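Spelled out, the chains give:
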Amino acid sequence: HVVIIAQRKILQRPGRKNRAGVQRRPRTRTLTAVHDAIMEDLVYPTEIVGKRTRYHVDGSRLLKVHLDPKDQANVEYKLDTFATVYKRLTGKDVTFLFPVTAAAE
């Protein structure tokens, strides 16, 4: 699979030692915003309709990302690739899945 992701920059939180000037850090340069943008780029043909964070007893976290079910036929075979690329870029465990709708039951 070919994946295209934009190049983004993460700026450190301003602290005592790294006051990079008087300007505030833009919201788009925060770690969370960059990781969310990477995820949006990764699943581009489809849309993210929901996110859930699953906390395990040992303290580890698993992010469950629900994708738009209308694109299931086009994207389903790429889900393992999405998870592997996101883990490699951000270090976070993630599972991509499609929500179960009442009409499908």
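Right, let's walk through the structure included here.

What counts and what doesn't
Residues numbered from 1 in each chain as written. Predicted model: local features only at pLDDT ≥ 70, side-chain atom pairs only at ≥ 80, totals over all residues. Heavy atoms only, no water. Phe/Tyr/Trp six-rings, centres within 6.5 Å; stacked < 30°, edge-to-face > 60°. Helix = DSSP H or I, 4+ residues; strand = E, 2+ residues; numbered from the N terminus. Buried < 20%, exposed > 50% of the residue type's maximum accessible area, 1.4 Å probe, protein only. Expected span 1.5 Å × (residues − 1). Contact = heavy atoms within 4.5 Å. Arc of directions from axis to C-beta. Salt bridge = Lys/Arg side-chain N within 4 Å of Asp/Glu carboxyl O. Pairing = 2+ DSSP bridges.

**A short note on the packing of aromatic side chains**
Moving on, step 1. Scanning the entire structure with this criterion turns up one aromatic pair.
Moving on, step 2. Measuring from ring centre to ring centre gives 5.8 Å for Phe-82 and Phe-96, while their planes differ by 75°; the resulting arrangement is edge-to-face. Placement of Phe-82 in helix α3 (residues 79–90) and of Phe-96 in strand β3 (residues 94–97) is noted, with a sequence separation of 14 residues between them. Residues Phe-82 and Phe-96 agree in their burial class; the two are buried.

**So, helix α1 (residues 31–42)**
Moving on, step 1. If you check α1, its first and last C-alpha atoms are 16 Å apart, about what 12 residues at 1.5 Å a residue would give, namely 16 Å.
Moving on, step 2. Within α1, the full set of buried residues consists of Val-34, His-35, Ala-37, Ile-38, Met-39, Asp-41 and Leu-42.
Moving on, step 3. Contact partners of the buried residues in α1: β1 (48–55), β2 (61–67), α3 and β3.

**Brief notes about α3**
Moving on, step 1. Under the 1.5 Å per step criterion, the end-to-end length of α3 is 16 Å for 12 residues, consistent within 8% with the ideal 16 Å.
Moving on, step 2. Those residues of α3 lying buried are Leu-79, Phe-82, Tyr-86 and Thr-90. The buried residues of α3 occupy an angular sector of 55° when projected down its axis, which confines them to one face. When the buried face of α3 is taken as reference, the exposed residues oriented beyond 90 degrees from it are Asp-80, Thr-84 and Arg-88.
Moving on, step 3. Tucked inside the fold, the buried residues of α3 contact α1, β2, α2 (72–75) and β3.

**A few points about the pattern of salt bridges**
A pair can form between side chains of opposite charge whenever their charged atoms are brought close.
Moving on, step 1. Enumeration over the complete set of coordinates arrives at four salt bridges.
Moving on, step 2. The partner of Lys-70 in a salt bridge is Asp-68, and the shortest N-O contact between them spans 3.8 Å.
Moving on, step 3. For Lys-70, a relative accessible area of 66% gives the class exposed.
Moving on, step 4. Look at Asp-68 and you get buried, because its relative accessible area is 13%.
Moving on, step 5. The shortest N-O distance in the salt bridge between Lys-87 and Asp-93 comes to 3.1 Å.
Moving on, step 6. A residue is classified by how much of its surface remains accessible, and Asp-93, at 38% relative accessible area, is partly exposed.

**Remarks on the pairing of β1**
Moving on, step 1. Two strands pair when backbone bridges link them, and β1 and β2 are joined in this way by seven bridges, in the antiparallel orientation. For Thr-53, the partnering residue across the bridge sits in β2 and is Leu-63.

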